[in-house]
Structure formats: C-alpha cells, structure tokens
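So the chains spell out like this:
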Amino acid sequence: MGVCVPEEYGGAGADFLSYILVLEELSRADAGVGVTVAVHTSAVTLPILTFGTDEQRSRFVPPLARGEHLGSFALTEAEAGSDAGALRTRAEPDSEGWRITGAKQWITNARFAGTVLLFARTDLDAPGAGGVSAFILDGDHIRVTRDEEKLGLNSSITNDIVVEGATIGRDRLLHEEGKGFRVAMTTLDGGRIGIAAQALGIAQAAYDAARAYALERRQFGKRIADFQAIQWKLADMATEIDAARLLVYRAAELKQRGEPHTEAGAKAKLFASEMARRQTAEAIQIFGGYGYTKEFPVERYYRDAKITEIYEGTSEIQRLVIARSILGLTERALAQG
Ligand code: CAA
C-alpha cells in the first residue's frame, strides 16, 4: 500500500514507474484490487506527501503507507461529476477550525477508509473552482449512506457518503485555502496514469486468456488460432496493448522525473481505457458462446474495463485536457492567473 512512498514515511521507497507496474499486475488479476490500491496511493497518500506540511506528512502518511489506514478521495458530488468545480460541500470556519457539511457520490474505498481527502467550498461566492479547498478527514468524520451496485469491479467498494457538520482542526487543511482545485487537478494528473495502467492490466489478462483459448479450441478440424480471422484479432490485440503500454510507461517516467505530464497522462488514460474496452470485447468474441458465460473470466474483464473510460475523468474530459494542452489553452489560462 506504500510502494512509491519513501521509506522514512513507512513505504517501500520504490519509484513511480514501479508503482505503475504493480497496478498493472494487480489489475491483470483483479481490477477491483487495482483501483483500491490506485485511489489509496495516487489520490490520497501522494497528494498528502506533495502538498502536506511536515506535520501532516509524518502524521497521516505512515499509517496509509503501511496499510493500516485505507485512503479515500472525496471530490465527486451528484451535481459535480465532470464539472468537478461545481461541488457544493461546504467548509465553514468555526472556533476549532472548520465545520464540514455536504454529500459526495461514487466514492471508492469510503466504507473502509481511515483517511479521506475531501474537497469542500470555503468561499461560497467565488465562482466555480475558485473557492474550493482540500481537507484531510478521518473515516469517522463521514457517514456512508449507500453501497453502489455496479456493472463490474465488484471487489472494490463504491459509496455515497454524507458529512454532517464534522468539526475538524485548522491543521486538517491541505495546501492553501481556496487552492484545493489545483490539488485535485494535480492529483488527477498522476491518478490517471494509474487508471491507464489498470486498463492495460485488464486488457493484458483478456489477451492472455484469448490467446491460450485460440491455441486450444478446435473447429472445422483445426485450432481456431490457425484461422486468419482469429490471427488478425490477436495481432491487433497485441499491437494495441503494446501501444498503450508505451504511452502509460512514458507518462509514468515523465511524472517520475518531475516533468509536465498532464497531456501524456490524459493520452495514456484515453487510449488505454478505450483499447481495453475494444479488446476485452474481442476476447469474448474469440471465446464465442463460452465467453458470454461466467465459466470463463473474459466477461468480467469486459465489465471491469468499461469503468476505466469513465472514472478519474471520462474519455471526453481526457480529450478536453489534451485539446487544451496541444492548443496552448492551459498555458494561456495559467499565464493569465
Ligand atoms: N494542474 C494544476 N492546476 C490545474 C490543472 C492541472 N492539470 N488543470 C486546471 N488547473 C487549475 C487551473 O489553472 C485553474 O486555476 P486558478 O483557478 O488558480 O486559475 C483551476 O484549476 C480551474 O481550472 P479550469 O478553469 O481549467 O477548470 P474547469 O472548471 O474548466 O475544469 C476540468 C477543468 C479538466 C474539466 C476538470 O473539472 C476535470 O478534470 N473534470 C473531471 C473530474 C474528474 O476527473 N473526476 C474524477 C473523480 S475521482 C475518481 O474518479 C476516483 C475513483 O474513484 C477512481
């Protein structure tokens, strides 16, 4: 749970690319475990390491890195999905620090969370992303109101939560007041590389299963791998998986070197997730009728792959991020302050 966390904070001290390899391999076996670890690490532990004070780092990171606390990232709300800056959860100053009130939706890991990175509005009048701040909450500051029933990823818990006037100290504000949206966006820049690795792992598992089946299954007196129709499917799968892998590892290396990786991460997630949806469907096609049954794992890969096109920013949002970057619109916005 602390693969890429420095040893002084209780982690394994590996680099970011190693962590991405771990997510890929976990997701090859079980994508629900993959996202549990991805959200815990990319979306909770790493932003506390990046934006936290020394005190916050030494207090909150070691229990996360050692796996004693599970991390949960609470950004999304019913009316604030792709438009994350529209969130309405409030943080009002009081004598202790802050009083938090609101409701969040589709929160991975929430039911078992020990630490929750939660985004709330500290300035109700500031437009959009402007008045958002980031806070570090404990698991008992939130109340889980629902376990979501999903198409796939069933070994990962997804919850609706409410925060009912939880009072937290001033030391729970992560980074500066009103700068929480930047924390969220920077976090997602790295998190998206992890989801791309998850998609890659799922696609690899589907390919492995389809290739093995094609070499065994016989029809018309031959192995189906001897038919060009199946050979071309496997060739396309292998090629697209390689292409996704190179995009994912490139983005991970850029982040590891401390270089800009917003565009590279969005490209990796966009391509790897859409590739995983296409190729898990092809794996079912190679399995034929058996692929549609629970007897083989490929129907699970297909169900698990779909979410990678949606969470941590839909494919449409990734295209928006890429377009803003290649057209210079992000730099212009940043330059204008
Ligand atoms: N890095 C740093 N800062 C950034 C940034 C980045 N990549 N992108 C934007 N910002 C900053 C901007 O500079 C701006 O800062 P100032 O206000 O200080 O000028 C601020 O953030 C607002 O930026 P925009 O005007 O670009 O904001 P926007 O409202 O147009 O939204 C968006 C941008 C890209 C659409 C964003 O809302 C977004 O990413 N939406 C998708 C939300 C998402 O990915 N949700 C995932 C939920 S978590 C999850 O899924 C976890 C799970 O369970 C697996």
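The structure this text deals with has already been given above.
Peer 1: Let's hear about the overall build of the protein chain: which residues, and what values?
Peer 2: When helices and strands are tallied, the protein chain shows nine helices and ten strands. For the protein chain, the C-alpha radius of gyration of 21 Å lies close to 20 Å, the compact-globule estimate for 337 residues. Projected onto the principal axes, the alpha-carbon positions of the protein chain cover approximately 80 × 40 × 40 Å. Here the protein chain holds 337 residues, and the buried ones make up 53% of them. Excluding contacts between residues fewer than 6 apart, the proportion of contacts in the protein chain whose partners are at least 24 apart in sequence is 71%. By element, 52% of the accessible surface of the protein chain is carried by carbon and sulfur atoms, the whole surface being about 15,300 Å². Each charge sign in the protein chain was given a centre, from 39 positive and 46 negative side chains, and these centres are 5 Å apart.

Peer 1: Account for the side chain of Arg-245, with residues named and values stated.
Peer 2: Assignment of secondary structure puts Arg-245 in helix H5 (residues 228-256). Using a relative accessible area of 17% as the deciding quantity, one classes Arg-245 as buried. Beyond its immediate stretch of four places on either side in the chain, Arg-245 contacts Glu-24, Leu-200 and Gln-204.

Peer 1: How would you explain unusual backbone geometry if you had to name every residue and give the values?
Peer 2: Not every positive phi belongs to a glycine, and Leu-153 is a case in point at roughly 55°. Checked against the element boundaries, Leu-153 lands in the loop between strand E6 (143-147) and strand E7 (158-169). What makes Leu-153 buried here is its relative accessible area of 4%. Although it is not a glycine, Phe-220 sits at a positive phi angle of roughly 55°. Taking the relative accessible area as the measure of exposure, Phe-220 reaches 77% and is therefore exposed.

Peer 1: Before we move on, can you summarise the side chain of Glu-299 with the specific residues and values?
Peer 2: Mapped onto the elements of the fold, Glu-299 is located in helix H7 (residues 298-306). Engagement of the side chain of Glu-299 in a polar contact is seen with the side chain of Arg-303, the distance being 2.8 Å. The contact partners of Glu-299, leaving out residues within four places of it in the chain, are Ile-284, Gly-291, Thr-293 and Lys-294.

Peer 1: Give a description of a nonpolar patch on the surface that names residues and reports values.
Peer 2: On the surface, Ile-326, Leu-327 and Leu-329 cluster together into a nonpolar patch covering about 300 Å² of accessible area. You can see Leu-327 is positioned in the loop between helix H8 (315-326) and helix H9 (329-335).

Peer 1: Report on the packing of helix H4 (residues 180-216) against helix H6 (residues 262-287), specifying residues and quantitative values.
Peer 2: In contact at an axis separation of 8 Å, H4 and H6 are set at 20° when each is read in the N-to-C sense. If you check the angle between H4 and H6, you find them roughly parallel. As H4 runs across H6, the sense of the crossing is left-handed. Looking at the contact of H4 with H6, its residues break down into 18 nonpolar, four polar and three charged.

Peer 1: Lay out the pairing of E7 in plain terms, naming residues and giving numbers.
Peer 2: For E7, the buried fraction is high: nine of the twelve residues fall into the buried class. Sheet topology note: the strand E3 (residues 97-108)/E7 ladder contains ten bridges and is antiparallel. Within the sheet, the bridge partner assigned to Thr-108 lies in E7 and is Thr-158.

Peer 1: Lay out the environment of Asp-123 in plain terms, naming residues and giving numbers.
Peer 2: Checked against the element boundaries, Asp-123 lands in the loop between strand E4 (113-121) and strand E5 (132-138). A residue is classified by how much of its surface remains accessible, and Asp-123, at 35% relative accessible area, is partly exposed. Considered as a pair, Asp-123 and Ala-238 are 115 residues apart in the sequence and their alpha carbons are 50 Å apart. A polar atom in the side chain of Asp-123 sits 2.9 Å from the backbone nitrogen of Asp-125. At 3.2 Å, the side chain of Asp-123 and the backbone nitrogen of Ala-126 are in polar contact.

So, how was this worked out
Residues numbered from 1 in each chain as written. Predicted model: local features only at pLDDT ≥ 70, side-chain atom pairs only at ≥ 80, totals over all residues. Heavy atoms only, no water. Helix = DSSP H or I, 4+ residues; strand = E, 2+ residues; numbered from the N terminus. Rg over C-alpha atoms; globule rule 2.2 N^0.38 Å. Buried < 20%, exposed > 50% of the residue type's maximum accessible area, 1.4 Å probe, protein only. Contact = heavy atoms within 4.5 Å. Areas by Shrake-Rupley, 256 points an atom, 1.4 Å probe, with all protein chains shown as cover. Lys, Arg positive; Asp, Glu negative; His and termini not counted. Charge placed at Lys NZ, Arg CZ, Asp CG, Glu CD. Polar contact = N/O pair within 3.5 Å; in protein donor to acceptor, adjacent residues only side chain to side chain. Patch = residues over 30% accessible without salt bridge, like charges linked within 9 Å, V, L, I, M, F, W, Y side chains within 5 Å. Salt bridge = Lys/Arg side-chain N within 4 Å of Asp/Glu carboxyl O. Axes fitted to C-alpha atoms, helices over the stretch in contact; angles between N-to-C directions. Parallel < 35°, antiparallel > 145°, perpendicular 65-115°, else oblique. Left-handed = near helix turned anticlockwise from the far one by under 90°. Nonpolar A, V, L, I, M, F, W, Y, C, P; charged D, E, K, R; others polar. Pairing = 2+ DSSP bridges.

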